[in-house]
There are 2 protein chains.
Amino acid sequence: MKLKRTHRCGELRKAHVGEKVVVSGWVNNWREHAGPFFIDLRDRYGVIQLVFSPTDEALYEKARKLRAESVIAVSGSVRARADEAINSNIETGEVEIHAEDLEVFNISKTPPFEINEFNNASEDVRLKYRYLDLRRKPLRDALILRSQVAQLTRSYFSRHDFVEIETPFLTKSTPEGARDFLVPSRLHHGQFYALPQSPQTYKQILMMAGFDRYFQIVKCFRDEDLRKDRQPEFTQIDVEMSFVDETDVMSFVEGFIVELFKEVLGAEISGPFPRMTYQESMDRFGSDKPDTRFGLELTDITAGFGSTEFKVFRSVHGKKGYIGALVAQEASGYSRKQIDNLNQFVISLGAKGVAHLKFKDGEFDGGISKFMGDAEKAYMIENLGLKEEALVLVIANESAEAAKNLLGHLRNKLAEDLELIDDSVNHLHWTIDFPMLEYSEEDQRYVARHHPFTSPRDEDRDMLETEPENILARAYDLVWNGNELAGGSIRIHERELQQRVFNALNISPEEAQSKFGFLLESFEYGAPPHGGIAFGFDRMIMLLARAASIRDVIAFPKTASAVGLMEKSPSLTADEQLKELGITVIKS
Amino acid sequence: MKLKRTHRCGELRKAHVGEKVVVSGWVNNWREHAGPFFIDLRDRYGVIQLVFSPTDEALYEKARKLRAESVIAVSGSVRARADEAINSNIETGEVEIHAEDLEVFNISKTPPFEINEFNNASEDVRLKYRYLDLRRKPLRDALILRSQVAQLTRSYFSRHDFVEIETPFLTKSTPEGARDFLVPSRLHHGQFYALPQSPQTYKQILMMAGFDRYFQIVKCFRDEDLRKDRQPEFTQIDVEMSFVDETDVMSFVEGFIVELFKEVLGAEISGPFPRMTYQESMDRFGSDKPDTRFGLELTDITAGFGSTEFKVFRSVHGKKGYIGALVAQEASGYSRKQIDNLNQFVISLGAKGVAHLKFKDGEFDGGISKFMGDAEKAYMIENLGLKEEALVLVIANESAEAAKNLLGHLRNKLAEDLELIDDSVNHLHWTIDFPMLEYSEEDQRYVARHHPFTSPRDEDRDMLETEPENILARAYDLVWNGNELAGGSIRIHERELQQRVFNALNISPEEAQSKFGFLLESFEYGAPPHGGIAFGFDRMIMLLARAASIRDVIAFPKTASAVGLMEKSPSLTADEQLKELGITVIKS
C-alpha cells in the first residue's frame, strides 16, 4: 500500500480546505467533461468528489480507465468548490479533492446490479452477491444501527449489574414445540447435540447459581418451515432476574426501552407503560398485540341475536359462539369492490367471509341488512353507537377466539386502508394475564402458551388438576405499535409445582426427568424466585430501522428454504466425514 | 413473594444502621449459641449476618430449621455489631440484621459438596452440579470479570467506529485444517451445514461490503480431540479492518490492550509493543510465543562440534542439524535427581533426552563432559560466556526447529523450577515475519501456517512457485508473558494471488472454486486491502482471572470427551427425528 488514507471520504468539510489528504474507497460514479475527469469516491462514511485535471496526463488517463466499484486510494489537496458547483445533497458537497496521485487496489468487473438505494435486482441475486448488496446505504445503515442498538443494550444492562454470560450452543435436544437442529457427535456415535432454541433452561440454572441478573444477546435456532420474516437462526436479547416479580422485570425493561427510544429514535416516552389483560386485549382489539394507535375497537353484539331470523347468527348465538362488529365511521362510502376486498382478505385468513351493513341517515342498507329485524337493528344502533354514517363489519363464529382474531386482523387492514395510523407516535403497552395453557387438537393435550416453565398465578395453582384451561400465567408481552417486541414470565422455582405443570401438559415424570431432570434437580438445592424476558432482536432492529424485511437487517440471511445463496450452504459432504460421525444419508 | 428485597446482602454498612431492610439470598452457614441463632446470608454481592432472637419464638424456631443453601428473604433492622463481634474479614462485618420476618422460598437438600472457595470435589461432580459450583466465589468472580472484559472490548472497538456484525452459524463446510461440526439439513436431504470454525471468510466478505472496521465476540466450533484447555465451542474476539497494513492493526490492538490492562489489572503499560521476528524468537527462545520476563536464552553451539570425538554431536553437525545450549547460572548444584527430572521432561515431549554438563571453577564436570575435548570446552566457555558456575543443558537434533522447540520448553520449565519469573510484570510483544507455509509430512504437501487467506510479503510473491518454504507471511501474533493472546494477518485481496497461494497449497482450482468460490469472486468486484486479528477469549479471561483452567471461566463447559455432564448432552434422538433429516445412524 503506497497511499495510506488520512481521512474518510465522508468527513471532509470546508475546514479541510488546503490540507493534503489521502482517501480510499470505491468508485461510486464518474463524469467526463471537456476539462477535468470527476470521480465520486465512496466509503462507509460518505462520498467525496475527486477531480483529475488533464494537465497531469498520465494520472488523468489512469483515472479515466477506472470503472464503477473499483477500489482506489487518492492523494491530493482539498479545495473549496465554486459556488455554482456546490452539491447540497451530500455532506461533503462544498469541497472536492484535486487529485495528485492514484493507487489502484482492485479493479471491479461490472457488478450484476447497480449499487444505489433504489436497485430492484431480485432478492436472490442480491443475496448471492451480498457483498455488493451490503454496499447499499439502507443495508449498511441498518447493520450499523444494529451494532449501535446492541452496544446500547449491553450498556444499559451492564450498568444495572446484569452479567452477560455465554450459554452453550452444543446442548441437549429437548423437543418441545419447535424442531431442533441436530449436530451428530463424532465421539459418541448415535448421539446428537441440539442447537439451542433459546437459552431458557441455562438462564434459569444461572439463577440457581446465584447470578441474580443475567443477560445475553444470543443466537437461537429453530428448524421450522420458514414463513415470511423467519430465519432458521435468529438473535434474541435474553434477560433473567432473581428475587423479582412481574413489576420488577417490566420496570427494568421500561427503563431500557425509554433509553433506546430516546437514543435511537429521538422519541421521548416514559414508563410505566399501560398494562392490559389478555382478555381485555382480545375483547377490544381481537389481538394480544394490538396496535393501540387507533380506535376501531371490536363490539360484542352476540346478545342482540338470540332470536334473529338470520339463521347463521342465531345458530352462533345458540352455540354460545361470538358475534362481533367493527364500525368504520369513515367507510360508509366503501364500494362493492372495496368490500369484496375485505371479504377476500378474511377468507385468506381462513374465515368463511365477513358480513357487512351500511348505516346512513338512521337506516341500514346493503349486505346482511335485509336479514335484520327491527330488534336487531335497534340493538346495533344502540350498542354500536351508530349516529351519522358508518360501515359495519360483522364476523360470527362458534369459536369466540377465532372470531376475535379475524376481527383483529380486519381492524388492522381497515386502519391501513383508511390511513388511521399516525406513524409519528409510539404506543407501548404490556399484555398480561395470559391463559397458561391452550388445548392442542393436533396433540390431543394441553400445551403451554409461553413455555412449560412459566409460573401460574399463585391464586390459580389449585386449578391445575381441575380446570387448567382457566389458569392465568404470570406472563407478559411488550407490545409496540401492534408488534410484539418482547415476551417473558415469572418462572416456576419449586420442583413439585413444575411437576404438576408437566402433568397438566401430559408430560410423564419419566419424560420430564429425561428431558429436564437437571432443572428439576436444581430446584432442590436452593432455587430463588426468578423471571425474565426475551426480545426478538432481528425484528426489533427491523422496526427501528423501518426496514421492509427482517433479511435487510441481517448481514447474511438465508432464503425461505434455508439456503445461503452466497456461500452455497447447505452442501454435500464427503462420505468419509459422515462415516466418522457414525451416520449415513438415507437413499431416497 | 411476600418480602421483596430492598438491599443486597453485600452492600450493608454502618451507614445503614437503623434502617429497615429486606435481604434475600442463600443460607451460607449458621451458628447456634446459648442465645440468638445466627445465619450468614449470601448473595452475589456478599454476605450479611442475620440474628434471630429467641424472644420471637416462632421466628426463631423457623430459622433454626433452615439448612445450608436454602433460599430465604428476611426483613429486619440493621444494627451495629458490638466491637468484639466485628468481623473484619467481610465488608459487612460491622453490621448485622436483627430479623423480624422470614420468608422461605426454597429448601435445599444437603449439597453434594460444600460451597466454598476450597472445595475439592471432583471436576465431574462439579460439572454435573454446575449451578452449585458456580456459587463459589472464584467461578462467580471469573464470569463477572468475563462479562466486564466483553463490555470493555465492545466499548473500545465501538468507540473506534468498529461495527459489530453477526456472522452466520449455519455455514458451508470447508474442511481446511480442523474438523467441522455438521448440521444435517431437513429441507435438503443429504446436505449439511457446518458450524463455523471462525468467521474468517465472512469477515473478509464484510470488508468487500465496505464495512471498513468490523468486530464481533463470537462462538466458534472445532470438532477436534480435546486436549487440556480445549473446548469444542470457544469464543473469540474477531476483528477486521480495511485499507490497513500490519502496523495499523497492531496499533489498534495495542490501544485495546493498554486500556484492558489498566481497567482490569490496574497495570500501566504502553505501546507500541516490541516486535520480534519468528526467526529471532525461535533462535533466542525456542518458541514463537516466548515468555520474555526472564533471560535463559538459547545459544547455538553447533559450530563448535565439527570435529568432536562425541559422535552424536558430530553426526548432528555433519547433517546440518542444530546443537543448542541453555545455561542456568543458578543451577550448578542441581542433583542427579533434578537432572533426571529434566531429562524425563524432554523425553515426555518426544526427545531422546537432554545432555548436561556442570561448570565450576573453570572446569566441566559430570554428564557429557567426559566426551568433550579441550577445543569443545574452550568453545563452550567462550560462546556460552561461562565464568563462575553453571548448569549447561544441551540438545542436539537433525531438525533445528525440533531442537529449538525442545529447548524452548525446557527453558520455561527451568524458569519455573528456579523461580525466575516475576509474576508482577507484564511483557507484551509481537511475533512477526512467520513463514507462510510449512510442509506437512502427513499430507505430503505444504499447508498454511496461519490460514490460506494470509498474504505473503510483497517482496516474497515471486517465490510462490519456486521456493514457497522461504516465503514470509504478513502475519503477527501478540504474546503476553509466554502466551499467545491473539493472532492475525494482512489478507490477500487479489484473485490471482489467492489462486497462486491455493496452488502452492496443492488446492486445485476446482476445489478452490467449490469451497471458496464466493470469496474468489468477491475479489473481482472491488476488494479493498484488508487485515485483521482474532483473540482467544476464553484463554484471555483465564489468564486475566489467573484461573487454573479454561473450564473455570466458561459457564457450562464440556468434558474432555465433549460431554455436558449437567444436562447430559449429547443424547440419543428419536429415529423419527433422524428420518425427517434424511439420515440414519450406522449400526456398529
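About the criteria used
Throughout, residues of each chain are indexed from 1 in the direction in which the sequence is written. Written order decides the labels, with chains lettered from A and ligands numbered from 1. At least 70 in pLDDT is required for a residue's local features to be given in this predicted model, at least 80 for side-chain atom pairs to be given and counted, and no such filter applies to totals for whole chains, interfaces and linings, which use all residues. Working from all heavy atoms in the structure, the side-chain values ignore hydrogens and water. The helix count covers DSSP runs of H or I at least four residues long, the strand count covers runs of E at least two residues long, and both are numbered beginning at the N terminus. A 1.4 Å probe rolled over the protein chains alone gives each residue an accessible area, and that area as a share of the maximum for its type sets the label: buried under 20%, exposed over 50%, partly exposed in between. Residues scored as charged are limited to Lys and Arg (positive) and Asp and Glu (negative), so that His and the chain ends carry no count. Each charge is placed at NZ for Lys, CZ for Arg, CG for Asp and CD for Glu. In superposing the copies, a least-squares fit is computed on C-alpha atoms, taking residues whose pLDDT is at least 70 in both. Contacts between residues were defined by any pair of non-hydrogen atoms, one from each residue, lying within 4.5 Å. The split into domains, and so the bounds of each, comes from an automatic or database assignment of domains. We call two strands paired when DSSP finds no fewer than two bridges between them. Fitted lines through C-alpha atoms give the axes, limited to the stretch in contact for helices. The angle between two N-to-C directions lies from 0 to 180 degrees. Simply put, the buried area is the total loss of 1.4 Å probe accessible area from both parts when two parts are fitted together. Salt-bridge detection follows one rule: a side-chain nitrogen of Lys or Arg within 4 Å of a carboxyl oxygen of Asp or Glu. Here a polar contact means two N or O atoms within 3.5 Å. Within protein one must be a hydrogen donor candidate and the other an acceptor candidate, and residues neighboring in sequence count only if both atoms are side-chain atoms. Expected helix span is given by 1.5 Å per residue-to-residue step, counting one fewer step than there are residues. The cut-offs work like this: below 35 degrees is roughly parallel, past 145 is roughly antiparallel, 65 to 115 is roughly perpendicular, and the gaps in between are oblique. All amino acids are sorted into three groups, where Ala, Val, Leu, Ile, Met, Phe, Trp, Tyr, Cys and Pro are nonpolar, Asp, Glu, Lys and Arg are charged, and the leftover types, Gly among them, are polar. Pairing of aromatic side chains here covers Phe, Tyr and the six-membered ring of Trp, requires ring centres within 6.5 Å, and sorts the geometry by plane angle: under 30 degrees stacked, over 60 edge-to-face, intermediate tilted. We count a charge as sitting over a ring when the NZ of a lysine or the CZ of an arginine lies within 6 Å of the ring centre and within 35 degrees of the ring normal. Note that patches include only residues with greater than 30% relative accessible area and no salt bridge, and the join distances are 9 Å for like charges and 5 Å for nonpolar side chains (Val, Leu, Ile, Met, Phe, Trp, Tyr). Areas reported as accessible are Shrake-Rupley estimates using a 1.4 Å probe. Residue values count occlusion only from the protein chains shown.

Colleague: Can you help me understand the overall build of chain A in this one?
Modeller: Along chain A, the regular secondary structure elements total 15 helices and 24 strands. Counting every position in chain A, which comprises 588 residues, the buried fraction comes to 57%. For chain A, the distance from the average site of its 73 positive side-chain charges to the average site of its 93 negative ones is 6 Å.

Colleague: Whenever I open this one, the relation of the copies chain A and chain B confuses me. Can you help?
Modeller: In summary, the two copies of the chain are related to each other by a rotation about an axis coupled with a shift along it. Between chain A and chain B, which share one sequence, the superposing operator has a rotation angle of 180° and an axial displacement of 0.0 Å; the RMSD is 0.1 Å. This pairing of chains is accounted for by a two-fold axis.

Colleague: Teacher, can you tell me more about the environment of A:Met463 here?
Modeller: Residues and elements named next belong to chain A. In this structure, Met463 sits in the loop between strand S19 (445–448) and strand S20 (475–480). It is 23 Å that separates the C-alpha atoms of Met463 and Asp477, two residues lying 14 residues apart in sequence. Setting aside anything within four residues of it in sequence, one finds Met463 in contact with Pro468, Asn470 and Ile471.

Colleague: Help me understand the domain arrangement of chain A, please; the structure alone is not making it clear to me.
Modeller: Think of interface size as the accessible area that goes away when the parts come together; that is how it is often given. Domain annotation of chain A identifies domain 1 (9–106), domain 2 (117–243 + 529–588) and domain 3 (294–417). If you average the C-alpha positions of domain 1 of chain A and of domain 2 of chain A, the two centres end up 41 Å apart.

Colleague: Looking at this structure, how should I read helix H14 (residues 537–544) of chain B?
Modeller: Because each turn of an α-helix spans 3.6 residues, side chains separated by three or four positions in sequence point in the same direction. Burial runs high along H14(B): seven of the eight residues are buried. Residues of H14(B) that are buried in the fold lie against helix H4 (137–159), strand S10 (233–242), helix H6 (246–265), strand S20 (475–480), strand S21 (483–490) and strand S22 (530–536) of chain B.

Colleague: I would appreciate a short explanation of the sheet that holds strand S3 (residues 46–52) of chain A in the present structure.
Modeller: The strands making up a sheet associate through hydrogen bonds between their backbones, and the pairing can be parallel or antiparallel. Residue and element names in this part refer to chain A. Spatially, S1-S2-S3-S5-S4 is the arrangement adopted by the five strands of the closed barrel, whose pairing is mixed. For this sheet the average axis-to-axis angle between neighbouring strands, irrespective of direction, equals 55°. Strand direction decides the pairing type here: strand S1 (residues 20–32) and strand S4 (residues 71–80), joined by seven bridges, are antiparallel. Counterpart to Trp26 in the pairing with S4 is Val71. Sitting on the sheet, helix H1 (residues 57–64) touches S1, strand S2 (37–43), S3 and strand S5 (95–106), and the angle it makes with S5 is about 70°.

Colleague: I keep staring at unusual backbone geometry and nothing clicks. Help me out?
Modeller: What is expected of a backbone is that most residues other than glycine have negative phi and most peptide bonds are trans. A cis geometry characterises the amide bond from B:Gly271 onward to B:Pro272, with omega recorded as -10°. As for its position among the elements, B:Pro272 is in the loop between H6 and strand S11 (275–277). A cis geometry characterises the amide bond from B:Ser569 onward to B:Pro570, with omega recorded as -5°. Considering the arrangement of structural elements, one finds B:Pro570 in the loop between H14 and strand S23 (571–572). Positive phi outside glycine occurs at A:Asp212, with the angle close to 75°. Mapped onto the elements of the fold, A:Asp212 is located in the loop between helix H5 (200–208) and strand S9 (213–221). With a relative accessible area of 1%, A:Asp212 lands in the buried category.

Colleague: Which parts of the structure should I look at to understand the interface of chain A and chain B?
Modeller: Between chain A and chain B, the residue contacts involve 123 residues of the former and 123 residues of the latter. At the boundary of chain A with chain B, total buried surface from both sides reaches about 11,000 Å², with 58% on carbon and sulfur atoms. Taken together, chain A and chain B are joined by 20 salt bridges. Between B:Arg186 and A:Asp223 there is a salt bridge; the shortest N-O distance is 3.1 Å. The interface formed by chain A and chain B includes 75 residue pairs in polar contact (both at pLDDT 80 or more). A total of eight residues in the side of chain A that touches chain B trace back to one element, the largest contributor, which is helix H4 (residues 137–159) of chain A. In this structure, strand S23 (residues 571–572) of chain A lies alongside strand S8 (residues 191–194) of chain B, joined through two bridges in antiparallel fashion. Counted as the bridge partner of A:Ser571 is B:Phe192 from S8(B).

Colleague: What am I meant to see in the pairing of strand S16 (residues 390–397) of chain A here?
Modeller: On a regular strand, each side chain points to the face opposite its neighbour's, so the side chains alternate between the two faces of the sheet. All names here are of chain A. Of all the eight residues making up S16, six are buried; the element is thus mostly covered by neighbouring parts of the structure. Relative to S16, strand S13 (residues 322–328) is paired through seven bridges, and the arrangement is antiparallel. What sits directly across from Gly324, in S16, is Ile395.

Colleague: Got a minute to help me understand H4(A) in this structure?
Modeller: In this model H4(A) runs 32 Å from its N-terminal to its C-terminal C-alpha over 23 residues, within 8% of the 33 Å that 1.5 Å per residue would give. Backbone geometry just after H4(A) places A:Asp161 at a positive phi near 70°.

Colleague: I would appreciate a short explanation of the packing of helix H7 (residues 278–285) of chain B against helix H11 (residues 400–417) of chain B in the present structure.
Modeller: Angle between the axes and distance between the axes are the two parameters that describe a pair of packed helices. All names here are of chain B. Put simply, H7 and H11 touch, their axes get as near as 8 Å, and they point 60° apart. When the axis of H7 is compared with that of H11, the two are oblique. For the pair formed by H7 and H11, the contact residues are Tyr278, Gln279, Met282, Asp283 and Phe285 on the first element and Glu401, Lys404, Asn405, Gly408 and Arg411 on the second. Considering only residue class, the contact of H7 with H11 consists of three nonpolar, three polar and four charged.

Colleague: How should the packing of aromatic side chains be read in this particular structure?
Modeller: Each aromatic ring pair is summarised here by two numbers: the centre-to-centre distance and the angle between the ring planes. Taken as a whole and assessed by the stated rule, the structure comprises 55 aromatic pairs over all chains. Measuring from ring centre to ring centre gives 5.0 Å for A:Phe157 and A:Phe162, while their planes differ by 85°; the resulting arrangement is edge-to-face. With respect to burial, A:Phe157 and A:Phe162 carry one shared label: buried. When the ring of A:Phe157 is compared with that of A:Phe256, the centres are 5.2 Å apart and the planes differ by 50°; the resulting orientation is tilted. Placement of the pair is A:Phe157 in helix H4 and A:Phe256 in helix H6 (residues 246–265), with a sequence separation of 99 residues. These aromatic residues form a ring-pair network of at least three members: A:Tyr156, A:Phe157, A:Phe162, A:Phe215, A:Phe252, A:Phe256 and A:Phe535. The ring of B:Tyr45 has B:Arg8 sitting right over it, with the charged end atom 4.0 Å from the ring centre. It is B:Lys413 that lies over the ring of B:Phe345; its NZ or CZ is 5.5 Å from the centre.

Colleague: I'm lost on a negative patch on the surface in this one. Help?
Modeller: Residue and element names in this part refer to chain B. Among the surface-exposed residues, Asp361, Glu363, Asp365, Glu388 and Glu389 lie close enough to one another that they form a single negatively charged patch. Within the element layout of this structure, Glu388 appears in the loop between helix H10 (374–383) and strand S16 (390–397). A relative accessible area of 64% places Glu388 in the exposed class.

Colleague: Teacher, can you tell me more about the pattern of salt bridges here?
Modeller: Where charged atoms from two side chains of opposite charge come close, those side chains can pair. If you walk through the whole model with that rule in mind, you get 109 salt bridges over all chains. Across the pair A:Asp248 and B:Lys4 runs a salt bridge whose closest N-O atoms are separated by 3.0 Å. Taken together, the positions of A:Asp248 in helix H6 and B:Lys4 in the segment before strand S1 (20–32) put the pair across two chains. Taking the shortest distance from any N to any O, the salt bridge between B:Glu246 and B:Arg474 comes out at 2.8 Å.

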